[in-house]
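# Coordinates in review
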Amino acid sequence: MRVFIAGIDGYLGWPLAQHLAARGHTVAGADALLRRAWVGERGSVSAVPIAPVYERLAAFRELSGEPLPFSPLDLRDHPALGRALAAFGPDAVVHLAECPSAPYSMIDFRHADFVQSNNVSGTLSLLFAMREHCPGAHLVKLGTMGEYGTPDLDIPEGFFDVEFRGRRDRLPFPRQAGSWYHWSKVFDSQNVGFACRLWGLAATDVMQGVVYGSWCPPADPRLNSRLDFDEAFGTAVNRFCCQAVIGRPITPYGNGTQSRGLLSLADCLQCLTLVLEHPPAPGEYRVVNQLRDVLSVGRLAELVRDAARALGIDARIAAVDNPRDEAEAHRYNPDSEKLRELGFKPSAPIGAELRQMIGDLLPHADRVRAHADRLPPTVRWRRPVIPNPAKDP
Ligand code: USQ
């Protein structure tokens, strides 16, 4: 299969390229290298050092024996995107080229506007470019479990049956996102579903949970994937592991009872590959919930502490005030059957993955220590309400 990865330089895109090539697929990609810039803007670095993109591409060629056609483009550059797709002729396009950070989108108007326009316009540009240049290709679009929020109902995979005033229909499950970033993914989902209905595109919208884990192939450090720990671009578990390796307290927000769907990077690669190798029919808009475990943030903190202690690190937990506006006590029971029906077999249990990640991070502890001031949360979801003297004299 010929797979075009938009966002190939990112945390997931770079390992996915390697994983797909190892399975015999031909890979090309595009990236505007914005993730490197955003983390730099936040004054941080990847804990695991990563090679410049052209060194990565050279390592890929040496490893796989195949060149990786790469376009340094922003998806919103519509003509350049069209040229890249037309030149490669993909069977599938994986869209990972979005700003993935909830806290970054909550900084101020400029950041909220950037995240929404970057994500929504980039996806729209890709949909139109696929219609023009590869209408038969399968779009695998990375969405998020956070689109659903935390309703007091089980969470189905995209759609549910509703009865209202004596009539029944199958409708999109309500979306109740919790950040400007998560709303951008909701808007994308609507646009991707509409393009499938309108033009007969085939798409899989992947409602992915929080991903954790390192990718450091022993063969060559140029193959390493990034691992962020700053408040905006580090996901919870990766941050907890980085905190543990430098002896900082692990920071569950609030009382730590908020739960999320989680999966390791290795499981993410396995799931995306299964989705690619089992495409939906033309015109079908398929939604899968991509997660392995449901765990509370407090339990995750304990698991990281225990994994660190197993490696001789005296890790400890210290809760901090929750900077976000999110339910802490809530139901969380998402379905995730479709990937299992496609053959998903979870790999190593979470404890083994955490020990592996901490082991990969230990040689780079000084990089985390040098940027430890980037760990505490500073972006707050709510601002204090300014009193209205007319209403509250
Ligand atoms: N959290 C802590 N302590 C921390 C950091 C986070 O308790 O130091 C908590 C948050 O309050 C939240 C949970 O951990 O309840 C998850 O936070 P996160 O930063 O790992 O994840 P989130 O902001 O939801 O975003 C991440 C990815 C995003 C993806 C999403 C999947 O950055 O791209 O869409 O996970 S999901 O969470 O299912 O929406």
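So, how was this worked out
- Residues numbered from 1 in each chain as written.
- Predicted model: local features only at pLDDT ≥ 70, side-chain atom pairs only at ≥ 80, totals over all residues.
- Helix = DSSP H or I, 4+ residues; strand = E, 2+ residues; numbered from the N terminus.
- Rg over C-alpha atoms; globule rule 2.2 N^0.38 Å.
- Buried ≥ 20, exposed ≤ 12 C-beta atoms within 10 Å, placed from the backbone.
- Near = placed C-beta within 6 Å.
- Nonpolar A, V, L, I, M, F, W, Y, C, P; charged D, E, K, R; others polar.
- Pairing = 2+ DSSP bridges.
- Core = buried A, V, L, I, M, F, W, Y, C linked by C-beta atoms within 7 Å.
- Contact = placed C-beta atoms within 7 Å.
- Expected span 1.5 Å × (residues − 1).
- Arc of directions from axis to C-beta.
- Axes fitted to C-alpha atoms, helices over the stretch in contact; angles between N-to-C directions.
- Parallel < 35°, antiparallel > 145°, perpendicular 65-115°, else oblique.
- Left-handed = near helix turned anticlockwise from the far one by under 90°.
- UniProt positions renumbered as here; feature names shortened; annotations may be inferred.

For the rest of this paragraph, the subject is the overall build of the chain. Across its full length, the chain carries 13 helices and twelve strands. On C-alpha atoms alone, the chain measures out to a radius of gyration of 21 Å, which is about the 21 Å that the 2.2 N^0.38 rule sets for 393 residues. Summarising its shape, the C-alpha atoms of the chain cover approximately 60 × 50 × 40 Å along the three principal directions. Evaluated residue by residue, the chain yields a buried proportion of 49% over its 393 residues.

A few words now on the site of the ligand. Near the ligand lie 21 residues; those nearest to it are Pro 100, Thr 144, Met 145, Gly 146 and Ala 236. Residue assignment for the shell around the ligand shows that the elements contributing at least two residues are helix H8 (236-245) and strand S10 (259-264). Across the shell around the ligand, the residue classes break down as eight nonpolar, nine polar and four charged.

What follows concerns the sheet that holds strand S8 (residues 202-208). Here we have seven strands laid out as an open sheet, ordered S3-S2-S1-S4-S5-S8-S11, and parallel in their pairing. Here the strands that pair on one side only, and so sit at the sheet edges, are strand S3 (70-71) and strand S11 (285-290). Two strands pair when backbone bridges link them, and strand S2 (residues 26-30) and S3 are joined in this way by two bridges, in the parallel orientation. Residue pairing for S3: Ala 30 is matched across the bridge by Ser 71.

The subject of this paragraph is the nonpolar core. Among the nonpolar cores identified, the biggest contains 98 residues, and Ile 5, Ala 6, Val 94, Met 130, Cys 241 and Val 304 are the most heavily contacted of them. What Cys 241 contacts, discounting residues up to four positions off in sequence, is Val 304, Leu 354, Met 357, Ile 358 and Leu 361. In this structure, Val 39, Cys 99, Trp 180 and Phe 233 belong to the second largest nonpolar core, which totals 14 residues.

In this section: unusual backbone geometry. Of note, Leu 33 is a non-glycine position whose phi angle comes to about 60°, a positive value. The topology assignment puts Leu 33 in the loop between S2 and helix H2 (34-41). On the neighbour-count criterion, Leu 33 (12 C-beta atoms within 10 Å) is exposed. Phi is positive for Arg 165, which is not a glycine, with a value near 50°. Mapping Arg 165 onto the fold places it in the loop between strand S6 (159-164) and strand S7 (167-172).

Turning our eyes to something else, we now look at helix H12 (residues 350-361). Over its twelve residues, H12 extends 16 Å from the first C-alpha to the last, a length consistent with the 16 Å expected when each residue adds 1.5 Å. When we look at burial in H12, the residues that qualify are Ile 350, Glu 353, Leu 354, Met 357, Ile 358 and Leu 361. Within H12, the buried residues cover an arc of 130° as seen down the axis, which keeps them to one side. The inward-facing, buried residues of H12 abut H8, S10, strand S12 (293-296), helix H10 (297-310) and helix H13 (365-369).

This part is about the packing of helix H4 (residues 78-88) against helix H6 (residues 109-133). It is at 9 Å that the axes of H4 and H6 come closest, and there the two elements cross at 45°. The pairing of H4 with H6 is recorded here as oblique in orientation. Crossing of H4 over H6 shows right-handed handedness. On H6, the residues touching His 78, Leu 81, Gly 82, Leu 85 and Ala 86 of H4 are Ser 125, Leu 126, Phe 128, Ala 129, Met 130, Glu 132 and His 133. Of the residues in the contact of H4 with H6, the class split is seven nonpolar, four polar and one charged.

Before going further, it helps to spend a moment on the UniProt feature "domain: NAD-dependent epimerase/dehydratase" (unreviewed entry) in the chain. Feature annotation in UniProt assigns "domain: NAD-dependent epimerase/dehydratase" (unreviewed entry) to the following positions: residues 3-289. Structurally, residues 3-289 comprises 39% helix and 19% strand, and the distance from its first C-alpha atom to its last is 22 Å.

A separate point is the sheet that holds S10. An order of S9-S10-S12 is seen for the three strands of this open sheet, with the pairing classed as mixed. The open sheet terminates on both sides in strands that have one partner only, identified here as strand S9 (210-212) and S12. Along the sheet, successive strands turn relative to each other by an average axial angle of 45°, direction set aside. Looking at chain direction, S10 and S12 are connected through four bridges and run antiparallel. In the strand pairing of S12, Ser 259 is matched with Ser 296. In this fold helix H9 (residues 265-277) packs onto S9 and S10, with an angle of close to 80° to the strand it touches most, S10.

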